[in-house]
Each structure stands twice: as structure tokens, then as C-alpha cells.
Amino acid sequence: MVEREEEIRRLARELDEALERGDIEKVVSYFAADCEIEALGVKLNGHGGVRRWLDWLFRYVDEVRFEPVVIMVDGDVFFEEFVVRAKLRGGGEAVSERAEAASKQAEVLVYEDNKVKSLRVYFDRLDFADAVVTNPFEKAIVRKLMDKSTEGLT
């Protein structure tokens, strides 16, 4: 069982490294042909879905780095809480000198035959909104939403 846990950890680390390099073909190779990805309530299927997810990600991100916080492996399931540090661009255009954003996220990967069969990623999209918007009116709206979302907690 320990060997399997180490194998899953290695595969997940290599996947993160390929994402950090922006190596789309290598990232796709870590996924099963019939995989499923779920992010922001959207489900994508197969290698075509992986490519759509990566196209979306790299449309907004110039550089990305992952900093693990907690990693757990149970059988073929890998869970990670991590911090994403990214240099952003807005919809394909540079955002105010490559804005930087940080986001605490969680992911669950289910492996089958050493390929990712299922990936679910959870994060707060507002973590990136403030860095992406440049219009002062839009910034005010995003900040108001951020303040409102924690009202009563702080």
C-alpha cells in the first residue's frame, strides 16, 4: 500500500510540474482517454476536455506555481490542499504588468491504471477577479462582492 501511495504522489507531482512548465501534451498524457474534469461547476470529458481546460487556464495565466499545503492519499485517490501563485492576463491580453494572484485551492484526483480518471478542483473565482479587472468600476464591484461574502465572519 505504501508503494501505491508513493506512486500516486509521484504521478501527481509530475502532473503539477508539467502544468507549471505549460507542457500541454505532457499534461494530457497523465489523463485517461475517458477522464472527467470538474471545475467551477463545469464538467469536461476525455482528452478533448483536458485540452479545453488547459486552453482556458492558459488563456488567463502566463505562469503558475503550486505550493502544497496538505496531501493525502487513500488507495487510488489523491487529495491536495495547495496555494496557486499565478501571473495573470485578462482574456488573452496582458493585465496591468502581469498581475499576480494567489488562491488557496483543493483538488481530488482519482487514478485508474496510473492515469487520472477524475479531477475535481475547488477554488473561489473571486481570488482572481480582483487581479484581472482593470476598470475602476469593475474593481469596486469585485471588492464589494468580496466584502459581502465575508460579512458576519469578520
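Refer to the structure above for everything that follows.
Quick summary incoming for the structure in this document. (Residues numbered from 1 in each chain as written. Predicted model: local features only at pLDDT ≥ 70, side-chain atom pairs only at ≥ 80, totals over all residues. Heavy atoms only, no water.)

Comments concerning the overall build of the protein chain
Argument step 1. Counting its secondary structure elements, the protein chain contains five helices and seven strands.
Argument step 2. Ordered by position from N to C terminus, the α and β elements of the protein chain give α-α-β-β-α-β-β-β-β-β-α-α.
Argument step 3. By the compact-globule yardstick of 15 Å for 154 residues, the protein chain fits well, its C-alpha radius of gyration being 17 Å.
Argument step 4. Oriented by its inertia axes, the alpha-carbon framework of the protein chain measures out at about 50 × 35 × 25 Å.
Argument step 5. Counting every position in the protein chain, which comprises 154 residues, the buried fraction comes to 36%.
Argument step 6. Relative to all contacts within the protein chain whose residues are 6 or more apart in sequence, the contacts with residues 24 or more apart total 50%.
Argument step 7. Total accessible area computed for the protein chain in this model is approximately 9,200 Å², and 51% of it derives from carbon and sulfur atoms.
Argument step 8. Across the protein chain, the 24 positively charged side chains and the 33 negatively charged ones have centroids separated by 3 Å. (Helix = DSSP H or I, 4+ residues; strand = E, 2+ residues; numbered from the N terminus. Rg over C-alpha atoms; globule rule 2.2 N^0.38 Å. Buried < 20%, exposed > 50% of the residue type's maximum accessible area, 1.4 Å probe, protein only. Contact = heavy atoms within 4.5 Å. Areas by Shrake-Rupley, 256 points an atom, 1.4 Å probe, with all protein chains shown as cover. Lys, Arg positive; Asp, Glu negative; His and termini not counted. Charge placed at Lys NZ, Arg CZ, Asp CG, Glu CD.)

Concerning helix α1 (residues 2–21)
Argument step 1. Here α1 spans 29 Å end to end across 20 residues, near enough to the 28 Å set by a 1.5 Å rise per residue.
Argument step 2. Along α1, the positions that sit buried rather than exposed are I8, L11, A12, L15, D16, A18 and L19. Down the axis of α1, the buried side of the element spans an arc of 160 degrees, and every buried residue falls inside it. Seen from the open side of α1, the exposed residues pointing more than 90 degrees away from its buried face are V2, E3 and R21. (Expected span 1.5 Å × (residues − 1). Arc of directions from axis to C-beta.)

Some thoughts on the packing of aromatic side chains
Argument step 1. For the coordinates displayed, the defined rule picks out three aromatic pairs.
Argument step 2. Summarising the aromatic geometry, the rings of F31 and W53 are spaced 6.3 Å apart at their centres and angled 65 degrees between planes, so their arrangement reads as edge-to-face. In this pair, F31 sits in strand β1 (residues 31–39) while W53 sits in helix α3 (residues 46–60), placing the two residues 22 residues apart along the sequence. Per residue, the accessibility class of F31 equals that of W53, and both read buried. (Phe/Tyr/Trp six-rings, centres within 6.5 Å; stacked < 30°, edge-to-face > 60°.)

Here's the deal with the nonpolar core
Argument step 1. Of all hydrophobic cores here, the largest spans 39 residues; its most connected members are F31 and W53.
Argument step 2. No other element matches the six residues that α1 contributes to this core.
Argument step 3. Residue contacts for W53: discarding those within four places in its chain leaves L19, V27, F31, I37, L44 and L119. (Core = buried A, V, L, I, M, F, W, Y, C linked by side-chain atoms within 4.5 Å.)

Side note on unusual backbone geometry
Argument step 1. Unlike most non-glycine residues, D113 shows phi in positive territory, near 55 degrees.
Argument step 2. On the basis of relative accessibility, which here comes to 70%, the residue D113 falls in the exposed class.
Argument step 3. Look at N114: it is not a glycine, yet its phi comes out positive at around 65 degrees.
Argument step 4. Inspection of the secondary structure assignment puts N114 in the loop between β6 (100–112) and β7 (115–122).

Topic: the pattern of salt bridges
Argument step 1. As enumerated under the stated definition, the model contains 13 salt bridges in all.
Argument step 2. One salt bridge in this structure joins R51 and E25, with 2.7 Å as the shortest N-O distance. With R51 in helix α3 and E25 in helix α2 (residues 24–29), the pair connects residues that are 26 residues apart, well separated along the chain.
Argument step 3. Via salt bridges that share partners, E7, R10 and E14 belong to a single interconnected network. (Salt bridge = Lys/Arg side-chain N within 4 Å of Asp/Glu carboxyl O.)

Thoughts on the side chain of S103
Argument step 1. Within the secondary structure, S103 is located in strand β6.
Argument step 2. On the basis of relative accessible area, S103 is assigned to the buried category, the value being 1%.
Argument step 3. Looking at S103, its side chain comes within polar contact range of the side chain of Q105, at 3.3 Å.
Argument step 4. Filtering out sequence-adjacent residues up to four positions away, S103 remains in contact with F82, V83, V84, F123, D127 and F128. (Polar contact = N/O pair within 3.5 Å; in protein donor to acceptor, adjacent residues only side chain to side chain.)

Such coordinate-based values are descriptive only and should not be taken to indicate function.
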